[in-house]
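Breakdown of the fold
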Amino acid sequence: QVQLVESGGGLVQPGGSLRLSCVVFGSIFSINNMCWYRQAPGRQRELVARITKLGIPDYADSVKGRFTISRDNAKNTVALQMNSLKPEDTAVYYCNADIIPTPYRSQFPAWGEGTQVTVSS
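One structure accompanies this document, and this report is about it.

The rules behind these values
Residues numbered from 1 in each chain as written. Predicted model: local features only at pLDDT ≥ 70, side-chain atom pairs only at ≥ 80, totals over all residues. Heavy atoms only, no water. Pairing = 2+ DSSP bridges. Helix = DSSP H or I, 4+ residues; strand = E, 2+ residues; numbered from the N terminus. Axes fitted to C-alpha atoms, helices over the stretch in contact; angles between N-to-C directions. Salt bridge = Lys/Arg side-chain N within 4 Å of Asp/Glu carboxyl O. Buried < 20%, exposed > 50% of the residue type's maximum accessible area, 1.4 Å probe, protein only. Phe/Tyr/Trp six-rings, centres within 6.5 Å; stacked < 30°, edge-to-face > 60°. Core = buried A, V, L, I, M, F, W, Y, C linked by side-chain atoms within 4.5 Å. Contact = heavy atoms within 4.5 Å.

A closer look at the sheet that holds strand E1 (residues 2–7)
Pairing is antiparallel across the open sheet formed by four strands, whose spatial order is E1-E3-E8-E7. Lying at the two open borders of the sheet, with one neighbouring strand each, are E1 and strand E7 (67–72). Neighbour to neighbour, the strand axes of the sheet diverge by 15° on average, direction disregarded.

Here's what the structure looks like:
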């Protein structure tokens, strides 16, 4: 069984910063892509940032230059540093990882329960 646990959400003023973290627990052989998604009220869940196993990042246009995704393969963690936050960044942020479990079987996507980020004055 695999579990993703997020932390670091909260309330921040516009222009402020937050750092989200996600730890993957369980019987894991390997983790491929790790991602952060977000879902605002009344909107579809959207991909915010993705990082490959080799550490190559990719970002949604709306967060480029403000957000930075990173991972630690030894600790099975992924982080999202969010700077220059805007009210439109308000959403529930979800951690996602492509897991290859042990004993070995096919890769599957695993999700965290989400952490609320609110940007407001």
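Now that the structure has been shown, we can carry on.
Observations concerning the pattern of salt bridges
Evaluation of the coordinates by the stated rule reveals five salt bridges. Residue Arg 50 is joined to Asp 58 by a salt bridge in which the shortest nitrogen-to-oxygen separation is 3.0 Å. A relative accessible area of 36% means that Asp 58 is categorised as partly exposed. In this structure, Asp 89 engages Arg 66 in a salt bridge whose closest nitrogen and oxygen atoms are separated by 2.7 Å. With a gap of 23 residues between them, Asp 89 in the loop between strand E8 (77–82) and strand E9 (91–101) and Arg 66 in the loop between strand E6 (57–59) and E7 connect regions that are remote in the sequence. Across this residue pair, the class does not change: Asp 89 and Arg 66 are buried. A network of salt bridges, in which partner residues are shared, links Arg 38, Glu 46, Arg 66 and Asp 89.

Digging into the packing of aromatic side chains
Centre-to-centre distance and the angle between the planes together describe a pair of aromatic rings. Overall, the coordinates contain two aromatic pairs when judged by the stated rule. Between Phe 29 and Tyr 104, the ring centres sit 6.2 Å apart and the planes meet at 90°, which makes this aromatic pair edge-to-face. With Phe 29 in strand E4 (residues 28–39) and Tyr 104 in the loop between E9 and strand E10 (108–111), this pair connects stretches of sequence that are 75 residues apart. Judged by relative accessible area, Phe 29 falls into the exposed class, the value being 57%.

Quick look at the nonpolar core
In terms of nonpolar packing, the biggest core is built from 31 residues, with Trp 36, Leu 80, Met 82 and Tyr 93 touching the most fellow members. When residues of this core are traced back to their parent elements, those giving at least two are E1, strand E3 (18–26), E4, strand E5 (46–51), E7, E8, E9 and strand E11 (115–119). Among the elements that take part in this core, E9 stands out by supplying five residues, more than any other. Once residues within four sequence positions are removed from consideration, Tyr 93 is found in contact with Glu 6, Leu 20, Trp 36, Tyr 37, Arg 38, Val 48, Phe 67, Leu 80, Met 82, Gly 114, Thr 115 and Val 117.

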